[in-house]
Amino acid sequence: MIAPALQAAALAAAPHPLSGTAADWVWALPLFPLAGFLVNAALAVVAVARPGPADPSADRHSAPDATAAGEDVAGHGPGAGDADAPPPARHRFASVVSLVGPLAVGLAFALACAIFAAMARVHPTTPFVQTYFHWIPAGDLQVNAAFQLDQLSLTLVLVITGVGALIHLFSVAYMGDDPGYARYFAYLNLFVFFMLVLVLGASYPVMFVGWEGVGLCSYLLIGFWYADRANADAGKKAFIVNRIGDFGFLIAMFLLFVQLGTLDYTGVLAAAPGGLEAGGPVVTVICLFLLLGCAGKSAQIPLYVWLPDAMAGPTPVSALIHAATMVTAGVYLVVRSGLLFAMAPAASLTVAVMGAVTALFAATIGLKQWDIKKVLAYSTISQLGFMFMAVGAGAYVAGIFHLVTHAFFKALLFLGAGSVIHAMHAAYHATHSHEDAQDMRNMGGLRARMPVTWILMWIATLAIAGVPLFAGFFSKDEILGTIFDRAGGSILRDAHWLGIPGGVVLYAIYGMGLVAAFLTAVYMTRLMLYTFHGQNRTGEAARPHLHEAPWLMTGPLLVLGALSAVGGFLNTPAFLPIGPAETLARWLDPVVGPATALIAAGAPGDADPRRGLLLSLIAAAVAATGIVVAVVRLGRSAPVRAGAAPETGIESVLAHRYYVDEAYDRGIVRPLLAFSNRVLWQGVDGLIDGLVTLGARVWVWFGGIGSALQTGRVGTYAWALVVGALVVLAITIR
Amino acid sequence: MREMLLAMGYDRWVLPALLLIPLAAAAIILLLPGDAERRWHSARAVALAAFTVEFLVSVGLWWSFDPATPGWQAAVHMPWIPSWGISFSVGIDGISLVLILLTTLTMPLTVLGSWTSVRTRAPAFYTLMLILTTGMLGVFMALDLFLFYIMWELMLVPMYFIIGIWGGERRIYASVKFFIYTMLGSLLMLVAILYVGFHVGNPAAPPGFGYDDLLTRLSVTPVAARWLFGAFFLAFAIKVPMFPFHTWLPDAHVEAPTAGSVVLAGIMLKMGTFGFLRFALPLFPQAALDPTIRAIVLTLAVVGILYGALVALVQPDFKKLVAYSSVSHLGFVMLGIFALTLQSVQGAILVMINHGISTGALFLLVGMLYERRHSRLIAAYGGIARVVPLFAALLTIVSLSSIGLPGTNGFVGEFLVLLGSFRTEPWFAFAATIGLILAAAYLLWAIQRILFERLDKPENAGLRDLNWRELGLLAPLIACIIWLGVYPAPVLRRTEPAAARFVHLVEHGYESAHPAPPRTPIIQPPKARGR
């Protein structure tokens, strides 16, 4: 408690270098999307609401026409695939919503850029904290509504608002015909608001507000076309699985508070070195519970199962929430708590192992999916695994670097897939076909019909596969390189994980990372070949209707394509003589420097630059091999038609995603429901009720004796009186 | 504001006025002339007017109450039966304040919620609701144990009739069960109150029932204290309700008319937890701190949290689901009270308020649906978000608050309870946190089956959305949900002295009874471990 107080006093004494600059407006960042949410939500409600007469009992007219009264949500957006729904009608307030929705995020991005300019000029070494009001004051617990601006939070803000604004623009065209247009933008704006609260919050509880808030928006947007039960199920599943993670987050907060007496970042950073034993059980347990939270939010083993189902949402939602921003929150949490993780090497190794296993596991599943969005979903899980490998190994900069480049190329991939689905859906809709618009077996040869999308998707594919000079190459290379370095010398090498020396674990992780990178190149090339190359399989009637997306959709794609191509130059390695090296590392150093230094302690001095170059060459070779293998294998075999003979053996296991969902359902969900129903409700409650009834019966029986005695005959009473008196006399007289 | 109110002498008349206004209105309703139809209209109008006045009168307490002033505020003491040491003593602290305001806010809304649904014997219904209000407010402000008991009984009898006359199909069964359960507890409590009254101070002196007097001068043997605590415990635990004394609740909630369910869940369930905070623990701290008793109570609290949530998961009837969710939520309150830290007690108070708001709103919403379709079964609906979007939006918001989403009221209370309990009872708090996962499961699953999925039942296609009356009566509750989620500090500031005093009373009483070994201080300084 003393340390933060002192620090606050110090801050008050000397104004922060950022005060008086655009950074003073940091409070306005989330207010733009919040305002957008309020406007769009109001429009959505006004458009659909028709309050009934004041007195329902007075209403004896015929029921209002259901479809006219309610917003039609039968799922007419692209991807919903409901051909029986009434023809699309533009939302009443479509023009206002189209302006407000993207503008709210765009303005936030503009402000973020202004703040960035100020921060780049000053380059502060301490965080800039703005406190607004007491949120939860209770004795020695003082949680304030406060934002913290530093290089880390600002980097995330730029990604969220920048990529977010592009995806909002894309949505204007993509969702334009949806009857729930205003509701969609309300949810999307609300998501950006909560995401900004998540990264800007100055304490764990404030972060938790954003953390669960984005989960709520994810829930609402996954189930956006809720008339379909599968979509509603997917939203609910996402929320509940995330809640399991949030349980870990909460326990970690409780432990932190009991140990350190504070929950804001500055306080925890100041108190942790003195209040927690480095390498001790307490800090390890805290970090492991935080990790449980990360596994939920960032879809890692064992809590990844919600993300593939989350593809039920509109595709721009998948791009923004389930690829670029929300799912990376776990990575942010680990980096934000970097010092704690650096103090707990065993927990850090757990993070890295979890990431590596997830990266490999999800990549294998990605090999055998036919739904274009499912491939990308497993790819996202796998890439998030790479980020956790990085932050687990104490490569915090590399983790954030991959987070940023991944936001570029994965948003591009999802939006590109969205543009393909949009075209497929329109073609099938025009021909009244019920084929699956997302199944790659129905695509093929689309490059001729959608050349812009085709080229941009290839750029993103080369980026994610790690082909040199594209964005993903630099970030993935840095992750693998740093893990290799850490295995050579760091406090992680000297620690143990389940009895295995840390060095061995890290080398194994490096190897798994290489395999995962190889598989990434394979499944992405497979996706491109099936979608854009070879013969078209859409069908004779539908084929002429396939067309390139409107400019409002390809425009954002172009920007993301440029970023995917050159985004890697944010942080080029020192040994490559191209441009200013390690820009991002120097930028983030005030935030992640201490933790990185702590974890890298004991590393051999100057690494041989030739080793870095060699590792890069290995990574590039792996990527190239993956692409070649995919081309050679798929080039020879004929494209599979939808509904072809099912796969067998290991292929079948992969296509069924290792039967994990089935195992969870049979092993946990159903037994829990049966236990609650049979044992608890019908068993225990029934037993208690039975006892109560029995008790009541006994009293009724006593009452029956009493009332039987009340005969009203004086003679009987007299006899009873006499007998009673005699009995009393017999007892009392001795 | 405070000065203005004090200049009006507000402090001296507000509490008696709050008790008298409903009684006066009840008398007026009984005297109303006309045929059944006219009496229905005028009775509901009088009730609404009376409750609105009641709310407006009570709301001044928010400003007149000064957290910095120690002791009871707005207190009124009048001799009643001096020879038995019984007096009409009322007064409030921060806990009473927020519960009184919760009550006066809820009551007008219940009248609006019954506006069209209660028609048979409407004057009697509203009369009972008004008498019930006096009883509830009396419980929250009584500073004399005898007065407290009178008010406690005054509140039970009207509810018995409300369930038994205006309830659903199995109303007789439910009301009898309600009555047996609560009478069993309250009769034992009466015995305990009488025993306590005759054991204050000098045995030769006349009995006394004044609360402050009992706190300072009560002298009973440890064995007696344990029995007395047991009697109070049973009465309050049934009312909470704690597992395994909860089985009256699902039946009473389901069979009661909407207004009855709202009052039962929103306010009357807090009588039990309020009783623990005000009487059972401060009067018998040595019994309450007995390790065995503590372990039993904490176990029952946590079992209640998990049990209620699991059973809620499999309920086919939405009202029953909400009833079992109450068992779960009130388990958090009990955990917070018995964990005995400032945060956990503050959280418990907040959960009481939040549960009143959220569950009250849930029952109102279910009632609105029931009025339209005459079914409470979840399976009778599905996909209705499409035809009743306003209803869907509000049900979602209220459910999220019940789930404890940050930004809504539900989160702050549960967070404080768990964080505070974690300091003294980490394992119980750990197990209780699992309840948050289950809460999301049962409510989201339920609203999915009601609001989402395909609109496959033709009789639902013509459902009317909320009308202005219904929107208006839900609006204050929605506003409270957001307000208490974003800025609960004004409430916490007002209840903190009372919560601190509660913790001190229990701890202090225990220490004076057991001088050694000393317990660790409640508010532990952060451990500096420079190992």
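All values derive from a computational prediction rather than experimental measurement. Per chain, the residues get numbers from 1 upward, laid out in the order the sequence is written. Following the order in which they are written, the chains are lettered starting with A and the ligands numbered starting with 1. The predicted origin of the model limits local features to residues at a pLDDT of at least 70 and limits the giving and counting of side-chain atom pairs to 80 or more, whereas totals for whole chains, interfaces and linings rest on all residues. To get the side-chain values, take all heavy atoms of the structure and skip hydrogens and water.

Here we take up the overall build of chain B. A run of H or I in DSSP counts as a helix once it spans at least four residues, and a run of E counts as a strand once it spans at least two, with each numbered from the N terminus. Assigned secondary structure in chain B consists of 20 helices and 2 strands. Throughout, radius of gyration means the C-alpha value; the globule benchmark is 2.2 Å times the number of residues raised to the power 0.38. For chain B, the C-alpha radius of gyration of 23 Å lies close to 24 Å, the compact-globule estimate for 531 residues. For chain B, the spread of C-alpha atoms along the three principal axes comes to 70 × 70 × 45 Å. Residue burial is assigned from relative accessible area. The probe radius is 1.4 Å, only protein chains are included, and a residue is buried under 20% of its type maximum, exposed over 50%, and partly exposed in between. For chain B, buried positions account for 67% of its 531 residues. In short, Shrake-Rupley with a 1.4 Å probe defines the accessible areas, and a residue's cover is counted only from the protein chains shown. Split by element, the accessible area of chain B, about 17,000 Å² in all, is 70% carbon and sulfur. Chain B carries 35 positive and 27 negative side-chain charges, and their two centres are separated by 4 Å. When charges are tallied, Lys and Arg are placed among the positive residues and Asp and Glu among the negative ones, while His and the ends of the chain are skipped. Note on charges: their place is set at NZ of Lys, CZ of Arg, CG of Asp or CD of Glu.

A word on the overall build of chain A. Assigned secondary structure in chain A consists of 27 helices and 4 strands. Its C-alpha atoms give chain A principal-axis dimensions of about 120 × 70 × 60 Å. Within chain A, buried positions represent 58% of all 734 residues. A separation threshold of at least 6 residues defines the contact pool for chain A, and within that pool the share at least 24 residues apart is 81%. Of the roughly 27,300 Å² of accessible surface on chain A, 69% is carried by carbon and sulfur atoms. Computing the positive centroid from 38 side-chain charges and the negative centroid from 40, chain A places the two 5 Å apart. Contacts are assigned to residue pairs that have any heavy atoms within 4.5 Å of one another.

Below, the discussion takes up the interface of chain A and chain B. Accessible area lost upon the coming together of the parts serves often as the stated size of an interface. Every contact between the two is made by 78 residues of chain A and, on the other side, 79 residues of chain B. Summed over both partners, the accessible surface that disappears when two parts come together, traced with a 1.4 Å probe, is what is meant by buried area. In this assembly, chain A packs against chain B so that about 6,800 Å² is buried in total across both faces, 69% of it on carbon and sulfur atoms. Looking only at chain A, the three residues that lose the most surface to chain B are A:R243, A:F254 and A:W681, adding up to 10% of its buried area. One side-chain nitrogen of Lys or Arg within 4 Å of one carboxyl oxygen of Asp or Glu is enough to make a salt bridge. Across the contact surface, chain A and chain B share 3 salt bridges. B:E453 is paired through a salt bridge with A:R229; the nearest N and O atoms lie 3.5 Å apart. Each polar contact in these results corresponds to two N or O atoms within 3.5 Å; when the atoms are within protein, one needs to be able to donate a hydrogen and the other to accept it, and residues that are neighboring in sequence are counted only if both atoms are side-chain atoms. On inspection of chain A and its partner chain B, the count reaches 19 residue pairs in polar contact (both at pLDDT 80 or more). Every element with two or more residues in the side of chain A that touches chain B is listed here: α2 (28-48), α3 (66-69), β1 (128-138), α7 (204-222), α8 (229-260), α9 (265-275), α10 (281-297) and α26 (660-709) of chain A. The element best represented in the side of chain A that touches chain B is α8(A), accounting for 18 residues. Looking at the side of chain A that touches chain B residue by residue, the class counts come to 51 nonpolar, 12 polar and 15 charged. Throughout this entry, Asp, Glu, Lys and Arg are counted as charged residues, while Ala, Val, Leu, Ile, Met, Phe, Trp, Tyr, Cys and Pro are counted as nonpolar. The remaining residues, Gly among them, count as polar.

The subject of this paragraph is the pattern of salt bridges. According to the stated counting rule, one finds 24 salt bridges over all chains in the structure shown. In this structure, A:R670 and A:D665 form a salt bridge, with 3.0 Å as the shortest nitrogen-oxygen distance. What makes A:D665 partly exposed here is its relative accessible area of 27%. The partner of B:D251 in a salt bridge is B:K177, with the nearest N and O atoms 2.6 Å apart.

Okay, the confidence of the model for chain B next. Averaged over all residues, the pLDDT of chain B equals 88, while 95% of them reach at least 70. Quick note on the complex model: pTM equals 0.90, ipTM equals 0.90. Residue-level confidence of the predictor, termed pLDDT, takes values from 0 up to 100.

For the rest of this paragraph, the subject is the domain arrangement of chain A. When the domains of chain A are assigned, the result is domain 1 (344-641) and domain 2 (656-693). How far each domain reaches was decided by an automatic or database domain assignment. Each of domain 1 of chain A and domain 2 of chain A was reduced to a C-alpha centroid, and the two centroids are 41 Å apart.

To continue, consider the packing of aromatic side chains. What characterises a pair of aromatic rings is the spacing of the ring centres plus the angle enclosed by the ring planes. Only rings of Phe, Tyr and Trp enter the pairing, Trp through its six-membered ring, and a pair is recorded when the two centres are within 6.5 Å. The plane angle decides the type: under 30 degrees is stacked, over 60 is edge-to-face, the rest tilted. Per the stated rule, a full pass over the model turns up 56 aromatic pairs over all chains. Measuring from ring centre to ring centre gives 5.4 Å for A:Y184 and A:F185, while their planes differ by 90°; the resulting arrangement is edge-to-face. For the residue pair A:Y184 and A:F185, the accessibility class agrees, reading buried in each case. Here B:F148 and B:W152 contribute two aromatic rings whose centre-to-centre distance is 5.6 Å and whose plane-to-plane angle is 45°, an arrangement assigned as tilted. Here B:F148 and its partner B:W152 are both found in helix α6 (residues 145-166), 4 residues apart, which amounts to about one turn of the helix. In terms of burial, B:F148 and B:W152 fall into one category: buried. The criterion is that NZ of a Lys, or CZ of an Arg, lies within 6 Å of the ring centre and within 35 degrees of the ring normal, and then a charge sits over that ring. The side chain of A:R447 reaches across the aromatic face of A:W454, ending 5.9 Å from its centre. A cation over a ring is seen here: B:R278 above B:Y211, with NZ or CZ 6.0 Å from the ring centre.

Below, the discussion takes up the packing of α8(A) against helix α18 (residues 426-451) of chain B. Where α8(A) contacts α18(B), the two axes come as close as 9 Å, and the packing angle between them is 165°. By the criterion of interaxial angle, the relationship of α8(A) to α18(B) is roughly antiparallel. Like other packed secondary-structure pairs, α8(A) and α18(B) cross with a definite hand, here right-handed. Taking contact as the criterion, the partners of A:R229, A:A232, A:D233, A:K236, A:F239, A:I240, A:R243, A:I244, A:F247, A:L250, A:I251 and A:F254 in α8(A) are, on α18(B), B:F430, B:T433, B:I434, B:L436, B:I437, B:A440, B:A441, B:L444, B:W445 and B:Q448. Residues that form the contact of α8(A) with α18(B) fall into these classes: 16 nonpolar, 2 polar and 4 charged. In this analysis an axis means a line fitted to C-alpha atoms, helices contributing only their contacting stretch, and an angle means the value between N-to-C directions, from 0 to 180 degrees. Roughly parallel refers to an angle under 35 degrees, roughly antiparallel to one over 145, roughly perpendicular to one between 65 and 115, and oblique to any angle outside these ranges. Crossing handedness is defined as follows: a turn of the near helix away from the far one that is anticlockwise and smaller than a right angle gives a left-handed crossing, while the clockwise case is right-handed.

Now for the packing of helix α5 (residues 151-174) of chain A against helix α12 (residues 315-324) of chain A. All names here are of chain A. The N-to-C vectors of α5 and α12 enclose an angle of 165°; their axes lie 9 Å apart at closest approach. Accordingly, the angle class assigned to the pair α5 and α12 is roughly antiparallel. When the axes of α5 and α12 are compared, the crossing they make is left-handed. For the pair α5 and α12, contact is made by V163, G164, I167, H168, F170, S171 and Y174 and by T315, P316, A319, L320 and A324, respectively. When the residues that make up the contact of α5 with α12 are grouped by side-chain class, the tally is 8 nonpolar, 4 polar and no charged.

Moving on, we get to the environment of A:A114. Relative to the helices and strands, A:A114 resides in helix α4 (residues 94-122). A C-alpha to C-alpha distance of 8.1 Å links A:A114 and A:A23, two positions 91 residues apart in sequence.

A negative phi angle characterises most non-glycine residues, just as the trans form characterises most peptide bonds. In this structure, the amide linkage connecting A:I301 to the following residue, A:P302, adopts the cis form with an omega of 10°. Within the element layout of this structure, A:P302 appears in the loop between α10 and α11 (306-309). B:V240 connects to B:P241 through a cis peptide bond whose omega is -5°. As for its placement among the helices and strands, B:P241 is situated in the loop between α9 (222-239) and α10 (248-255). Even without being a glycine, B:H374 presents a positive backbone phi close to 55°. In the Ramachandran plot, B:E453 falls in the positive-phi region, its phi being about 65° despite a non-glycine side chain. Residue placement: B:E453 occurs in the loop between α18 and α19 (468-486). Judged by relative accessible area, which is 15%, B:E453 ranks as buried.

This paragraph deals with the confidence of the model for chain A. All names here are of chain A. Per-residue pLDDT for chain A has a mean of 86; in total, 91% of the residues score no lower than 70. For chain A, α3 is the element with the lowest average pLDDT, namely 33, and helix α13 (residues 329-336) is the one with the highest, namely 95. Contacts of residues 52-87 to residues separated by more than four positions or lying in other chains number 71 contacts, the stretch itself having pLDDT below 50.

Now for the environment of B:G304. Note on placement: B:G304 falls in helix α13 (residues 291-313). Not counting residues within four places of it along the chain, the set of residues in contact with B:G304 comprises B:F243, B:A309, B:V327 and B:S328.

So, about α26(A). A helix is expected to span 1.5 Å for every residue after the first. Taking 1.5 Å per residue, 50 residues should reach 74 Å; α26(A) reaches 70 Å between its end C-alpha atoms and fits that length. In this analysis the local bend is the angle between axes fitted, respectively, to the seven residues ending at and the seven residues starting at the residue. The axis of α26(A) is deflected most strongly, by about 30°, at A:R666. Each element contacted by the buried residues of α26(A) is listed here: α15 (345-366) of chain A together with α7 (171-197), α10, α13 and α14 (318-339) of chain B.

All right, on to the environment of A:Y219 then. All names here are of chain A. Looking at where Y219 falls in the secondary structure, it is placed in helix α7. We classify Y219 as buried; its relative accessible area is 5%. Taking the C-alpha atoms as reference points, Y219 and K237, separated by 18 residues in sequence, lie 8.4 Å from one another.

With 7 of its 9 residues buried, strand β2 (residues 141-149) of chain A lies for the most part within the structure. Paired strands, in this sense, are two strands between which DSSP finds at least two bridges. Between β1(A) and β2(A), which follow one another and run antiparallel, lie 2 residues, and A:G139 among them has a positive phi close to 60°.

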